[in-house]
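Coordinate analysis (summary)
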Amino acid sequence: MKTLTLLFLLLTAHAAPAAVEYRQFADAEQQQSYQFLISELRCLVCQNQTIADSNADLAQDLRRQVYEMLQQGKSKQEIVDFMTARYGDFVLYNPPFKAKTGILWLAPMVFLLIGLMAVFLIVRRKKSASVELSPEKKEKIRRLLEKGDAS
């Protein structure tokens, strides 16, 4: 059984070794710009990872493109402008607040407020529904319950 399990694990463990990308920069500032940019641009394939974290082919191409643009002397803002012109604001991991993206930024808060209002109204309605009984009515109910238990 152990050999069968080992064989199964060996057959399913076909994960390709991750390639290490090495980039040579002219100075430390250029390398910092590169690291900043690849950590701020979203992988369009993975969608929840930056291009620094993703191993997708598109992410590798975007990293290469960022590197080449830095080597050409482009600034961080020029590179970001190029990427957003080509792929839209979605390529930015933290998109700016604009009229187009406003609903994405405001919708969670609106839904939270609607949920809190609904909870408040339900609790308020339940409180008003619970009516305080007079002592005479309580006694009458108690007698009816006792009479029902006796039969």
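Note that the structure is a prediction, hence the values are computed from the model and not measured. (Residues numbered from 1 in each chain as written. Predicted model: local features only at pLDDT ≥ 70, side-chain atom pairs only at ≥ 80, totals over all residues. Heavy atoms only, no water.)

1. Points about the side chain of Q30
Note the threshold: Secondary structure elements follow DSSP: runs of H or I no shorter than four residues count as helices, runs of E no shorter than two count as strands, and numbering proceeds from the N terminus. N or O atoms closer than or at 3.5 Å make up a polar contact, with two conditions inside protein: a donor-capable atom paired with an acceptor-capable one, and, for residues adjacent in sequence, both atoms drawn from side chains. Any pair of residues with heavy atoms lying within 4.5 Å of one another is described as a contacting pair.
Tracing the backbone shows Q30 in helix 2 (residues 28–40). A distance of 3.0 Å separates a polar atom in the side chain of Q30 from the backbone nitrogen of A26. Those residues in contact with Q30 that lie beyond four places of it in its chain are F25, L70 and Q71.

2. Quick look at helix 3 (residues 57–71)
Rules: To estimate the expected span of a helix, subtract one from its residue number and multiply by 1.5 Å.
Over its 15 residues, helix 3 runs 21 Å from end to end, which matches the ideal 21 Å to within 8%, given 1.5 Å per residue. Count one or two residues on from helix 3 and you reach G73, which has phi positive near 95°.

3. Observations regarding the nonpolar core
Most often, soluble globular proteins have nonpolar side chains that are buried together. As a reminder, the rule being used: What we call a nonpolar core is a set of buried Ala, Val, Leu, Ile, Met, Phe, Trp, Tyr and Cys residues that are connected through their side-chain atoms within 4.5 Å. Burial classes follow relative accessibility: with a 1.4 Å probe on protein chains only, a residue under 20% of its type's maximum area counts as buried, one over 50% as exposed, and anything between as partly exposed.
Among the nonpolar cores identified, the biggest contains 19 residues, and Y34, L41, I51, V66, I79 and M83 are the most heavily contacted of them. At the level of elements, helix 2, helix 3 and helix 4 (76–87) are the ones that each hand at least two residues to this core. Of the residues forming this core, the biggest block, 6 residues, is contributed by helix 3. What M83 contacts, discounting residues up to four positions off in sequence, is L41, L62, Q65, V66, G88 and V91.

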